[in-house]
Every structure is written in C-alpha cells, then in structure tokens.
Amino acid sequence: MPASPLWHPYAQMQTQPTPPMVTGGSGAHFTLAGGERLLDATCSWWCMIHGYGHPRLVAAIQQQANTLCHVMLGGLTHEPAQRLAEALVRITPPGLDHVFFSDSGSVGMEVAMKMAVQYQVLRGRPEKHRMLSLMRAYHGDTSGCMAVCDPEEGMHSLFAGFLPRHPFAPAPSAPYDAPREAVDADIQALRATLEAHHHEVAALLMEPLLQAAGGLNMTSPHYLRAARELCDEFDVLLVFDEVATGFGRTGRMFAADHAGVTPDIMVLSKGLTGGYLGHAATLATGRVYDAFLGDDPNHAFMHGPTFMGNPLACRVALESLAVFEEEDYLGKIAELNAILRRELLDDAALNAHPAVNEVRVLGATAVIEVEEAASLDGVQAFARERGVWLRPFGRWLYTMPAYITTPEEMRRITAAMKGWFEAR
Ligand SMILES: *Cc1c(COP(=O)(O)O)cnc(C)c1O
C-alpha cells in the first residue's frame, strides 16, 4: 500500500510506525479499527474533557447545524456567540467583561499579544512592544507564539533566527503548596527581569500554576498574586494563558481562581468546546477594552479570523459548560485528584524509584518526571497492552484524563503508569 499523504504533527514520518486508526469512541475510551478499545489517559491533548461521543454535545452540534452553521462576525452577530460571551464573562474572574473569539489556542494567544501591544500604542507607549515570558513556557506553534515559548528547551529553537526576541524570566520552581517565603526567590527573579525590561514590555505572559507542554511544571498561587502586584507596579499588562489550565484542569474552574487574581487578558481554548470543535476566547478587562474606544479608525482592534465565533463551536461550548455545571464536574475533578494523590504522590516505592526524579499532582493532572527520557522508551506499548493510551513526551509520563473518567478507570491509568516502573 502506498504511504498515506497525511502528514502528522511532531512526527518523524520516515520512522514513525503507521499510527493506529481511530474509528469512534465513547466515554473515556476510543476504539481502533479491528476493535481494540483504549482508555485515553490524556484526552486528546487535554481537550476532550467530557470524553468521546457525549450525547448532549453531539445533539447540540446537530441542532445548531440545522439552524445556522456559520456566519461571519464582521458587521453581523448571532445568538450562540452572544450567549457564549455572556457565559464566559459570568464564569471567569471578575472584571474580564469583554470577549474576542478566534479558532485555536495559538491564535487566541496571538490576539492577546496584539491586544496588549495595540493597547500600549493607543495610550501613547509604543515603545512597550515586547512580551515578557517565562522559561519553560509553551504558548502555541504560530510565529508570535513560538517567540514566547521557552527559547532553549522548547520545541522551536530551530526557528530562532526567524523569530522576534523577547525577554524571559526564570521558570518558577516553588511547588503549589509552598509557604509565601518559599516563593520569594521566584518572585524576586520576576521582579529583577521586570526592573530590567519594563520600559519595553507590553505584557507579562504566563500559564498560571501549570506550565503544561513545557514539562508540567507547577507553581504556587503566591506567585500569581505577586505577578499581579508587579505588573501594576511596573505598568505592564498581565496575560494568563489558560488554554490548558482553564475549565477545571487545576481543580478550580480557572487557575486564576486559586489566587483570587484577575489578569488583564485571559485566553481559553482546549476545554472550551469540550474538544468537539476548535475554538478560543480572549477575554479583556474594561481597562484594556476602553483604550480601544474613540473616533480614530486606528482605535479599532485590528484582528478578525474568518471563523471567529462560529455558531457550531459557540453552541457546543455552551452545552459543554452546562454539562460541566449541572453535573458537578469540579466534584468529579476532586475525586480524580484524590485518586491521583493516593496512587502516585503517596506511593513510596514509585517516589523512591531510581529512574524517577519527582511526582507532581494538581487537580486532574499528574506527572511522573524521570531523570532520563530514555527510561520511558517502551512505556506507550506497555500501557497499550493494558488497554491504556499514554503519550509521554521528553522526561514526562503524565495523565490529564477526561473528567468523566470513572474511579476504576483512573486507577487503571495510574496502575499502567506505576506498573512500568515496578517492572524494572
Ligand atoms: C495547547 C496550548 C496552546 C495552543 O493551542 P492550539 O489550539 O494548539 O493552537 C497555547 N497555550 C497553551 C498553554 C496550550 O497548552
């Protein structure tokens, strides 16, 4: 058979084995051609929070498709986009009162960065046109986003010559439950970077509490509160990239909620539609939005993706949120968290294993960080034999399950993760 013309992401096409063909799914499982059923430990890059084939989400898309599949937001409006904007303002931290839609997490972050830069231009500070990002950050794969990903460990160092240069602060290293004093060093490092660069910086960007694709690095709510204070002190906007952390992943609806902090701009995507369609939202406070009001045509926000506010995506996002709230997903996430803590964090043998550097758990996220990436060679096949689909990267074997994962399924996932180390 000739090779498929389909080009896969982050894959060496010369050596990648033919990927398994997925034909369907229900709950936390997907099904392969041939009938194999696999329990998805990472819910398709963390977005399928209701699992596969959820009847209410499927019906929402079908109903909307009968009414209106798409219309542009340029000069027009429609009910699903308006209702979703209102719902997002209701559930996000107080003060985020304006919503700009786009089609993916990366574009949502591009929108955030353009918004921050144009905001500074409109208030007469055009020299503040760089971003301040954190080491170990991941904000997406488009050019603007690559430039604010970790420049060394990130996956974009190949493109260094092509990208604009931005300042970076060290990645925070104090854990989630660290007392305030233990976070001081991280905060002082952020302060020092702001002192050196604030005159040229439009916004500080961060994945609050959980730097996800950069290695599931977790930090303390004290760091978020300090970031808010430092941004005010240095006249820099604060942007929270909650593309991965939003919609419950850290145990609260948003990571910002752990700290009681309102960023100036917040970006949502992955869980927004329950993973059923690609979409993103960039929310802004009145302070940001008001800077764009005026008679001058240059005051219009200069962005507008074709598919922004797509009615199918907005309608399924509304249904996703309704299910999330009606079925107490935060309660389900707390149950998953208790299992992850008991089975991984409290497992003395796992923590003492010579290959293991650290085990971390936050909300419905757990990672086993190993000393050497090579010690994870073969773990995916090992888990698949046990009916579990894991996709480790670098030195990180992790799970970010769908929230409808049952306790028994969650333990099957942790057993596969631990089993790999018990076997060697
Ligand atoms: C996945 C991710 C993005 C990019 O989202 P895409 O929809 O893949 O473009 C941006 N930021 C964070 C924190 C992410 O996890």
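Residues numbered from 1 in each chain as written. Predicted model: local features only at pLDDT ≥ 70, side-chain atom pairs only at ≥ 80, totals over all residues. Heavy atoms only, no water.

A. Quick look at the UniProt feature "binding site: substrate" (unreviewed entry) in the protein chain. In this structure's numbering, the residues bearing the UniProt feature "binding site: substrate" (unreviewed entry) are Trp45, Tyr138, Lys270, Gly304 and Arg391. Spanning 347 residues, the named residues are also spread out in space, since their farthest C-alpha pair is 34.3 Å apart. Counting through the fold element by element, Trp45 comes out in helix α1 (residues 43-46). Take Trp45: its relative accessible area is 41%, and that puts it in the partly exposed class. The residues touching Trp45, leaving out its near neighbours within four places in the chain, are Pro9, Tyr10, Lys270 and Arg391. Under the relative-accessibility criterion, Gly304 is labelled exposed at 54%. (UniProt positions renumbered as here; feature names shortened; annotations may be inferred. Helix = DSSP H or I, 4+ residues; strand = E, 2+ residues; numbered from the N terminus. Buried < 20%, exposed > 50% of the residue type's maximum accessible area, 1.4 Å probe, protein only. Contact = heavy atoms within 4.5 Å.)

B. Layout of the side chain of Glu369. Tracing the backbone shows Glu369 in strand β14 (residues 365-370). Side-chain polar atoms of Glu369 contact the side chain of Asn357, separated by 2.6 Å. In this structure, Glu369 is in contact with Arg136, Gly215, Val356, Asn357, Glu358, Arg360, Arg395 and Trp396, ignoring residues within four places of it in sequence. (Polar contact = N/O pair within 3.5 Å; in protein donor to acceptor, adjacent residues only side chain to side chain.)

C. Molecular detail of the sheet that holds strand β13 (residues 356-362). Read across the open sheet, the 3 strands follow the order β13-β14-β16; overall the sheet is antiparallel. Edge positions in the sheet fall to β13 and β16 (396-399), since each of these pairs with one other strand and no more. For this sheet, the mean inter-axis angle between neighbouring strands, taken without regard to orientation, is 10°. Relative to β14, β13 runs antiparallel, the two sharing 6 bridges. Paired with Glu358 across the bridge in β14 is Glu369. In the packing of helix α11 (residues 329-345) onto the sheet, the strands contacted are β13, β14 and β16, and the crossing angle to β13 comes to about 165°. Sheet strands in contact with helix α14 (residues 407-422) are β13, β14 and β16, and its direction is about 165° off that of β16. (Pairing = 2+ DSSP bridges. Axes fitted to C-alpha atoms, helices over the stretch in contact; angles between N-to-C directions.)

D. Layout of the domain arrangement of the protein chain. Here the protein chain is described as being made up of domain 1 (59-326) and domain 2 (328-423). If you average the C-alpha positions of domain 1 and of domain 2, the two centres end up 28 Å apart. Between domain 1 and domain 2, the buried area comes to about 1,600 Å², and carbon and sulfur atoms account for 65% of it. There are 9 residue pairs in polar contact (both at pLDDT 80 or more) connecting domain 1 and domain 2. With 4 residues, the single largest contributor to the side of domain 1 that touches domain 2 is helix α10 (residues 311-326). (Domains from an automatic or database assignment. Buried area = accessible area lost by both parts, 1.4 Å probe.)

E. Seen up close, the site of the ligand. What surrounds the ligand is the set Trp46, Ser104, Gly105, Ser106, Tyr138, His139, Gly140, Glu207, Asp241, Val243, Ala244 and Lys270. Residue Ser106 places a side-chain N or O atom 2.6 Å away from an oxygen atom belonging to the ligand. Measuring from a nitrogen atom of the ligand, one finds a side-chain N or O atom of Asp241 at 2.7 Å. Calculation on the ligand without its partners gives an accessible area of 380 Å², and the protein chains cover 82% of this total. Here the residues of the shell around the ligand are counted per class, giving 4 nonpolar, 5 polar and 3 charged. (Near = heavy atom within 4 Å. Areas by Shrake-Rupley, 256 points an atom, 1.4 Å probe, with all protein chains shown as cover. Nonpolar A, V, L, I, M, F, W, Y, C, P; charged D, E, K, R; others polar.)

F. Inspection of the packing of α11 against α14 at higher detail. The interhelical angle for the contact between α11 and α14, taken along N-to-C directions, is 30°, at an axis separation of 10 Å. Classified by the interaxial angle, the pair formed by α11 and α14 is roughly parallel. Classified by chirality, the crossing of α14 by α11 is right-handed. Together, Glu335, Leu336, Ile339, Leu340, Arg342, Glu343 and Leu344 of α11 and Pro407, Met410, Arg411, Thr414, Met417 and Lys418 of α14 make up the contact between the two elements. Looking at side-chain class alone, the contact of α11 with α14 contains 7 nonpolar, 1 polar and 5 charged residues. (Parallel < 35°, antiparallel > 145°, perpendicular 65-115°, else oblique. Left-handed = near helix turned anticlockwise from the far one by under 90°.)

G. Main features of the pattern of salt bridges. Taken as a whole, this structure holds 24 salt bridges when the rule is applied. One salt bridge connects Arg125 with Asp235, and the closest N-O pair in it is separated by 3.3 Å. You can see Arg125 sitting in the loop between α4 (105-122) and β5 (130-134) and its partner Asp235 sitting in the loop between α7 (221-233) and β10 (237-241), a full 110 residues away along the chain. Judged by relative accessible area, Arg125 falls into the partly exposed class, the value being 27%. (Salt bridge = Lys/Arg side-chain N within 4 Å of Asp/Glu carboxyl O.)

H. A look at the nonpolar core. Formed by 93 residues in total, the largest nonpolar core has its most connected members in Leu88, Phe101, Met115, Phe247, Ile368 and Phe421. The leading source of residues in this core is α4, at 8 residues. No fewer than three residues from each of domain 1 (59-326) and domain 2 (328-423) sit in this core. Not counting chain neighbours up to four residues away, the residues in contact with Phe421 comprise Leu350, His353, Ala355, Val356, Ile368, Val370, Leu376 and Leu397. Counting 38 residues, the second-largest nonpolar core is a separate cluster that includes Leu132, Val201, Leu204 and Leu224. (Core = buried A, V, L, I, M, F, W, Y, C linked by side-chain atoms within 4.5 Å.)

I. Inspection of the environment of Gly419 at higher detail. Mapped onto the fold, Gly419 is located in helix α14. Gly419 sits 69 residues away from Leu350 along the chain, and the two C-alpha atoms are 9.4 Å apart.

J. Representation of the UniProt feature "modified residue: N6-(pyridoxal phosphate)lysine" (unreviewed entry) in the protein chain in the model. As recorded in UniProt, the feature "modified residue: N6-(pyridoxal phosphate)lysine" (unreviewed entry) lies at Lys270. The topology assignment puts Lys270 in the loop between β11 (265-268) and β12 (280-285). Ignoring anything within four residues of it in the chain, the contact list for Lys270 reads Trp45, Trp46, Cys47, Val243, Ala244 and Gly275.

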